[in-house]
Amino acid sequence: VNKRVNDMKQSQAKALQEVRDREAKKKQNEAEEDVVRTNLGPQIKAWSEEHGKKKQLRALLSSLHTVLWEGAKWKPVSLGDILDASKCKRCYHKATLVVHPDKTGNLNAEQRFLAKRIFDALTQAKTE
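Residues numbered from 1 in each chain as written. Predicted model: local features only at pLDDT ≥ 70, side-chain atom pairs only at ≥ 80, totals over all residues. Heavy atoms only, no water.

### Considering the confidence of the model for the protein chain
Detailed reading of the predicted coordinates is not advisable wherever pLDDT is low.
Argument step 1. When pLDDT is averaged along the protein chain, the result is 89; 100% of the residues meet or exceed 70.
Argument step 2. Taking the mean pLDDT of every element in the protein chain, the minimum, 86, falls on strand β1 (residues 49-50) and the maximum, 94, on helix α3 (residues 85-99). (pLDDT = per-residue confidence, 0-100. Helix = DSSP H or I, 4+ residues; strand = E, 2+ residues; numbered from the N terminus.)

### Structural notes on the packing of helix α1 (residues 2-48) against helix α4 (residues 109-127)
Argument step 1. Contact geometry of α1 with α4 gives a least axis separation of 8 Å together with a crossing angle of 45 degrees. Between α1 and α4, the angle is such that the two are oblique. Between α1 and α4 the crossing geometry is right-handed. Counted together, Asn29, Glu32, Glu33, Val36, Arg37, Leu40, Gly41, Ile44, Trp47 and Ser48 of α1 and Ala109, Glu110, Arg112, Phe113, Leu114, Lys116, Arg117, Ile118, Ala121 and Leu122 of α4 form the full contact between these two elements. (Axes fitted to C-alpha atoms, helices over the stretch in contact; angles between N-to-C directions. Parallel < 35°, antiparallel > 145°, perpendicular 65-115°, else oblique. Left-handed = near helix turned anticlockwise from the far one by under 90°. Contact = heavy atoms within 4.5 Å.)

### Here we look at α1
Argument step 1. Along α1, the sharpest kink reaches roughly 50 degrees, centred on Leu40 and followed within four residues by the proline Pro42.
Argument step 2. Along α1, the residues that are buried comprise Glu33, Val36, Leu40, Gly41, Ile44, Trp47 and Ser48.
Argument step 3. For α1, the elements touching its buried residues are β1, β2 (53-54), α2 (57-62) and α4. (Bend = angle between axes of the 7 residues up to and from the residue. Buried < 20%, exposed > 50% of the residue type's maximum accessible area, 1.4 Å probe, protein only.)

### Digging into the state of the cysteines
Each disulfide consists of one covalent bond between the sulfur atoms belonging to two cysteines.
Argument step 1. All chains considered together, the criterion is met by zero disulfides.
Argument step 2. Counting only cysteine sulfurs, Cys91 is the nearest neighbor of Cys88, a cysteine outside any disulfide, at a range of 6.8 Å.
Argument step 3. On the accessibility criterion, Cys88 (5% relative accessible area) is buried. (Disulfide = S-S within 2.5 Å.)

### A look at the pattern of salt bridges
Argument step 1. Tallied over the entire structure, the rule returns two salt bridges.
Argument step 2. Residues Glu49 and Lys54 are paired through a salt bridge, measuring 3.0 Å at the closest nitrogen-oxygen approach.
Argument step 3. Classification of Glu49 as buried rests on a relative accessible area of 19%.
Argument step 4. Relative accessible area serves as the criterion here: at 41%, Lys54 is assigned to the partly exposed category. (Salt bridge = Lys/Arg side-chain N within 4 Å of Asp/Glu carboxyl O.)

### Here we look at the side chain of Ser63
Argument step 1. Relative to the assigned elements, Ser63 resides in the loop between α2 and α3.
Argument step 2. Overall, the relative accessible area of 16% leaves Ser63 in the buried class.
Argument step 3. Looking at Ser63, its side chain comes within polar contact range of the main-chain oxygen of Ala59, at 2.9 Å. (Polar contact = N/O pair within 3.5 Å; in protein donor to acceptor, adjacent residues only side chain to side chain.)

See the structure below:
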């Protein structure tokens, strides 16, 4: 009985440590993101808005290469290429694959922040 109780206590301690490590890592990521937000926030805002209004999806897609990080798997698209609705939709889906939060977990804080804000701007423009 003592062995089973000790095993249970050890597994509880191990699980508790894992939770604490996860929370510490999450706090560290949030702190890094706050630092990056002050640097890159205005750049993203200038890209996604014009005179206080959100830009259209086609405009965002055609200028996406200007805000993406170096080495992102994105080929610049001209505005003329995405005038057709089906091509615009295809281009939007390709862009979301590049910047989706689930796909960018292994990037550094700056790139994660950029990806998150770009993804938000694209999805907002898509719904409007």
